[in-house]
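Structural overview for review
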Amino acid sequence: MDQIALQELLSALPLGAVRYVDETASTNDDALQWLAEGAPDASLVCTGMQTRGRGRMERIWYSTPGASLAFSVIFHAGSAEPQAVSLLAPFAGLAVCKALETSLGLSPSIKWPNDVLLGGKKVAGILSEAIWDGLACRGVVIGIGVNVAPGSVPPETVLAFPAGSVEEAAGRKVNRWELLHAVIAELLHSRSTIGSTAFFREWEGRLAFKGERVEVFPPAGGRVSGRLAGITPAGSLRIGLDDGTTRDVEAGDVSLRPAPG
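What comes next concerns the included structure.

Regarding the overall build of the protein chain
From N to C terminus, the protein chain includes 7 helices and 12 strands. Taking all 261 residues of the protein chain together, 51% fall into the buried category. Considering only contacts in the protein chain between residues 6 or more positions apart, those separated by 24 or more positions represent 64%.

Thoughts on the pairing of strand β2 (residues 43–47)
Most of β2 sits inside the fold, with 5 of its 5 residues counted as buried. Alternating residues of β2 divide into Ser43, Val45 and Thr47 and Leu44 and Cys46, and every residue in both groups is buried. One ladder, built from 4 bridges, connects strand β1 (residues 18–21) with β2; its direction is parallel. Of the residues in β2, the one forming a bridge with arginine 19 is valine 45. Taken together, β1, helix α2 (residues 27–36) and β2 form a β-α-β motif whose crossover is right-handed. One ladder, built from 5 bridges, connects β2 with strand β3 (residues 68–76); its direction is antiparallel. Among the inter-strand pairings, valine 45 is bridged to a residue of β3, identified as serine 72.

Quick notes on the environment of valine 166
Here valine 166 lies in helix α5 (residues 166–170). Residue valine 166 is classed as buried on the basis of its relative accessible area of 0%. Sequence separation between valine 166 and arginine 176 is 10 residues, and the spatial gap between their C-alpha atoms is 9.5 Å. Here valine 166 is in contact with Leu100, Leu104, Leu106, Leu118, Val123, Val146, Asn147, Val148, Val174 and Leu179, once residues within four sequence places are set aside.

Considering the nonpolar core
Grouped together as the largest cluster of nonpolar side chains are 68 residues, with contacts concentrated most on Leu44, Phe71, Leu100, Ile144, Val166, Leu179 and Ile184. Broken down by element, this core gets its largest block of residues, 11 residues, from helix α4 (residues 88–104). Each residue touching leucine 44, except ones within four places of it in the same chain, is listed here: Leu6, Leu10, Leu15, Ala17, Val18, Arg19, Trp34, Phe71, Ser72, Val73 and Ile184. The next biggest cluster of nonpolar side chains, apart from the first, holds 9 residues, and it includes Trp34, Val45, Ile74 and Ile131.

Some details on the pattern of salt bridges
Counted under the stated rule, the structure contains 10 salt bridges. For lysine 122, the salt bridge goes to aspartate 115, with nearest N and O atoms at 3.4 Å. The residues lysine 122 and aspartate 115 share a single accessibility class, namely buried. Of the charged contacts, one joins lysine 173 and glutamate 167 as a salt bridge, the two residues approaching to 3.9 Å between their closest N and O atoms. Assessed through its relative accessible area of 10%, glutamate 167 is described here as buried. Overlapping salt bridges, with partners in common, bring together Lys98, Glu186 and Glu202 in one network.

Concerning the sheet that holds strand β6 (residues 121–133)
Sheet strands line up and pair through hydrogen bonds in the backbone, either parallel or antiparallel. Strand order in this open sheet of 7 strands is β1-β2-β3-β7-β6-β5-β4, and the pairing throughout is mixed. Taken across any chain shown, the strands that pair with only one partner, and hence form the sheet edges, are β1 and β4 (109–111). The sheet shows a mean angle of 20 degrees between the axes of neighbouring strands, taken without regard to direction. Of the strand pairs in this sheet, β6 and strand β7 (residues 136–147) are connected by 10 bridges, and their pairing is antiparallel. In the sheet register, glycine 125 faces β7, and the bridge partner there is glycine 145. Across the sheet, α2 is in contact with β1, β2, β3, β6 and β7; its angle to β7 comes to roughly 155 degrees. Helix α6 (residues 176–190) contacts β1, β2, β3 and β7 of the sheet and is inclined by roughly 20 degrees relative to β3.

Some details on α2
Among all positions in α2, only Thr27, Asn28, Ala31, Leu32, Trp34 and Leu35 are buried. The buried residues of α2 occupy one face: seen down the axis, they fall within an arc of 165 degrees. Considering only its buried residues, α2 is in contact with β1, β2, β3, β6 and β7. In this structure serine 26 caps α2, since a side-chain oxygen of it lies 3.2 Å from the backbone nitrogen of asparagine 28. The positive-phi residue at the C-terminal boundary of α2 is glycine 38, with phi of around 105 degrees.

About the thresholds
- Residues numbered from 1 in each chain as written.
- Predicted model: local features only at pLDDT ≥ 70, side-chain atom pairs only at ≥ 80, totals over all residues.
- Heavy atoms only, no water.
- Helix = DSSP H or I, 4+ residues; strand = E, 2+ residues; numbered from the N terminus.
- Buried < 20%, exposed > 50% of the residue type's maximum accessible area, 1.4 Å probe, protein only.
- Contact = heavy atoms within 4.5 Å.
- Pairing = 2+ DSSP bridges.
- Right-handed = clockwise from strand over helix to strand, strands pointing away.
- Core = buried A, V, L, I, M, F, W, Y, C linked by side-chain atoms within 4.5 Å.
- Salt bridge = Lys/Arg side-chain N within 4 Å of Asp/Glu carboxyl O.
- Axes fitted to C-alpha atoms, helices over the stretch in contact; angles between N-to-C directions.
- Arc of directions from axis to C-beta.
- Polar contact = N/O pair within 3.5 Å; in protein donor to acceptor, adjacent residues only side chain to side chain.

Spelled out as structure tokens, the structure:
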């Protein structure tokens with residue numbers, strides 16, 4: 001893949017601009033700089049390899065040449081409310097799910113807030129980062145990494161959650177550039193639904209571990225155990241506690257796991 005080939009591949013999509021490099025430290029860093037310099041809305045940064053990719057909670061996101069996708073999309077925020085900005089990461093996770101469903105016939109789920117799972121294993125991660133002018137958001141960069149081939153899966157010793165690949169779930173080879181096209185098309189097509197009733201319904205409908213016992217580890221320490229009840233209208237995770245009450249957990253540096261046993 002190169003700049004011209006990528007532009008041709010995506011020419012039918014309403015992207016603002018496209019940049020491709022064979023290797024970079026982080027597509028999010030590149031996109032944030034471009035946004036600060038005046039990148040058009042709906043612009044794309046894509047690379048063949050990231051050397052310092054990152055995910056939520058400052059975890060390393062591994063990117064393997066020829067076996068994975070690593071790209072970032074720039075959205076101008078306009079008059080969007082802060083809540084809508086915070087929903088862009090799960091929105092991107094939902095877009096990846098829809099692309100996997102429509103293009104490959106797979107059945108992905110979302111580990112709240114936005115990790116995409118296939119067969120209970122993480123195959124895609126999302127990191128959204130915004131540029132703010134006081135209380136006004138100038139724009140958001142949505143970074144997406146997808147493990148396409150088995151060679152993209154990191155060693156188990158460095159994983160915080162079991163990982164897999166799209167090809168393992170599909171049982172066949174997958175054209176990663178066709179998958180890229182499908183994801184971006186879904187992002188652009190569904191953008192107007194962010195924060196809507198349909199958006200929350202689709203997010204909750206793909207929620208991994210719903211109805212099951214889970215453990216949530218807030219950043220301040222401690223543990224919340226209970227049954228995963230669903231998502232609130234604000235996008236928080238609702239946990240049904242053993243005493244019959246519920247507790248809502250806000251998105252952030254939270255670790256979610258199925259409960260042992």
